[in-house]
Amino acid sequence: MNNRLGQYWQQLRESLWFVPSLMVLGSFGLAYGLIRFDAETSWQGTKRFPLLFGVGADGSRGMLTAIAGSMLTVAALTFSLTLSAISQVSSQYSPRVLRNFMRDRVNQVVMGYFVGVFAYSLVVLGTIRGSDEGKFVPATAVLVSLILALGGVAALIYFIHHIAESLQTGTIVQHIFHETGHAIDKLFPDEFGEPVDDPEKAEAALRYSDEQTGWWPIVSTHTGYLQRINTEDLLRWATHNQVVLRIEKEMGSFVGEGTVLFSVRSGMERPDPDQADWPDDLMQFVSIGRHRNIEQDVAFGIQQLVDIALKALSPGINDTTTAIMAIDYLGAIGGQLARRDFPARLRSDGHHVRVLVRAAGFEDYIRLAFDLPRLNADGNHAVLRRLLRALALVATDITDPDRKAVLLEQAGYLLRYAEQTLPTDYEKASIRSLYSTLRPVWT
């Protein structure tokens, strides 16, 4: 249940309407509180500060009407700018980065601000009474409305600046880089119980997991992408039921209804539903949604940068500079992965092996980052050179020979592909020279 609530909460935070809705409710509360303050206190703002609070009923109505109309107009402008930016991001970069733009807190708050001031002004406007109606002018509430309207000018200027900044390639790829870096810092399944460090126990567990018989399949009841696994509760469940749990899908994989998501093995030939709270309750420990999520899925962050590079290299756009920028950040992410010790696939409760996890390794991430950009850099001398330099950047902090072998293999692919696709001997010689210069960092 907690996992499902967490998924709903994430969807709310990423929506464009949730924060504005909260701000509109807050504007109702602010208007009500200030109106009650003006109606029930002895504060004589009109007499003490007549220039600030001395607007009569007709003047207050006119000012609030103007503020409400202008705020609604600006809110519509803000919405149009947001939709235009979303359309541009989708067509120029990748539809995958739309999620980052929609969850941008500045966009949500600014839209909520204008709609909130509009709602606030309407509420206050409805309480003003002229002399023939039992005169009442909430002077403090009217003054606050004026202050909020002046604040809207600053908010609009800042929003236009923020939109222009957020559409720049550097801002987009750097945001993806930072999100991916956070995911690498807690690389799945690093926080999944304890690793199995005993080589004999690990070897026995792997042989045990490879056996085809004795495993009870647990199928998915939803269709979508595997976004998150509640590692703490899932490990507690496996320990409580004294079973070994094998996760059949990697994080970010597409899961169809009826697809085997888990396999469970215990001393029983078949689980007894009356003796254990499974198999159906296992689904409450996973989140399956309509799109991928970067929180536990490092590959999704890499895929977004790859998509930007591929879109930039497409014949319709042909933006080499954007592709190079995405490749630079792919090299930086590869460097972070090169410095990481990847968590063990076997996870225990401290005493026994409880979970066998499918997770990508260093080689998988490097292939994901460099294979497709290489294949789409057909005949592009600048991009092929930058791919070689990105591989050299990854190799800077590597001490494991096996990981360097992966990079050397990728560099060899790049060299051969350049020989096949570059049109002139000059460009081919340039790639060969750069490869010879950088080769020592991969060996």
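- As annotated in an unreviewed UniProt entry, the protein chain is DUF2254 domain-containing protein from Fibrisoma montanum.

### Here we look at the sheet that holds strand β7 (residues 286-289)
Phase 1 of the analysis: The strand order across the open sheet built from three strands is β5-β3-β7, with neighbouring strands paired in antiparallel fashion. Strand pairing shows two members of the sheet lacking a second neighbour, β5 (254-255) and β7, which therefore form its edges.
Phase 2 of the analysis: Where strand β3 (residues 224-229) lies against β5, two bridges are found, and the strand directions are antiparallel. Directly across from Tyr225, in β5, lies its bridge partner Phe254.

### Quick word on the UniProt feature "transmembrane region" (unreviewed entry) in the protein chain
Phase 1 of the analysis: As annotated in UniProt, the feature "transmembrane region" (unreviewed entry) corresponds to residues 16-35, 63-86, 106-128 and 140-160 in the numbering used here.
Phase 2 of the analysis: The span residues 63-86 carries 100% helix and 0% strand; its end-to-end C-alpha distance comes to 34 Å.
Phase 3 of the analysis: Taken end to end, residues 140-160 has its terminal C-alpha atoms 30 Å apart, with 100% of it in helix and 0% in strand.

### Observations regarding the sheet that holds strand β9 (residues 353-356)
Phase 1 of the analysis: On the basis of which strands lie adjacent, the open sheet formed by six strands has the order β1-β8-β9-β4-β6-β2 and mixed pairing. In this open sheet, the two strands that pair with only one neighbour each are β1 (194-195) and β2 (216-219).
Phase 2 of the analysis: Strand direction decides the pairing type here: β2 and strand β6 (residues 260-265), joined by four bridges, are antiparallel. Within β6, the residue paired with Trp216 across the bridge is Val264.
Phase 3 of the analysis: Sheet strands in contact with helix α11 (residues 231-240) are β4 (244-247), β6, β8 (346-348) and β9, and its direction is about 130 degrees off that of β9.

### Side note on helix α16 (residues 401-421)
Phase 1 of the analysis: Relative to the 30 Å expected for 21 residues at 1.5 Å per residue, α16 spans 30 Å between its end C-alpha atoms, a close match to the ideal helical length.
Phase 2 of the analysis: Listing the buried residues of α16 in full gives Arg403, Lys404, Val406, Leu407, Gln410, Ala411, Gly412, Leu414, Leu415, Tyr417, Ala418 and Thr421.
Phase 3 of the analysis: On its buried side, α16 packs onto α13 (320-338), α14 (362-376), α15 (381-395) and α17 (425-438).
Phase 4 of the analysis: Of the residues that open α16, the one with a side-chain oxygen 3.0 Å from the backbone nitrogen of Asp402 is Asp400.

### Some remarks on unusual backbone geometry
Phase 1 of the analysis: A cis amide bond links Phe188 with the next residue in sequence, Pro189, at an omega value of 5 degrees.
Phase 2 of the analysis: Counting through the fold element by element, Pro189 comes out in the loop between α9 (169-185) and β1.
Phase 3 of the analysis: Here Gln242, not a glycine, exhibits a phi torsion of approximately 55 degrees, which is positive.
Phase 4 of the analysis: With phi around 55 degrees, Asn318 is a residue other than glycine that occupies positive phi space.
Phase 5 of the analysis: By secondary structure assignment, the location of Asn318 is in the loop between α12 (298-313) and α13.
Phase 6 of the analysis: Asn318 sits in the exposed class, given a relative accessible area of 56%.

What counts as what
Residues numbered from 1 in each chain as written. Predicted model: local features only at pLDDT ≥ 70, side-chain atom pairs only at ≥ 80, totals over all residues. Heavy atoms only, no water. Pairing = 2+ DSSP bridges. Helix = DSSP H or I, 4+ residues; strand = E, 2+ residues; numbered from the N terminus. UniProt positions renumbered as here; feature names shortened; annotations may be inferred. Contact = heavy atoms within 4.5 Å. Axes fitted to C-alpha atoms, helices over the stretch in contact; angles between N-to-C directions. Expected span 1.5 Å × (residues − 1). Buried < 20%, exposed > 50% of the residue type's maximum accessible area, 1.4 Å probe, protein only. Polar contact = N/O pair within 3.5 Å; in protein donor to acceptor, adjacent residues only side chain to side chain.

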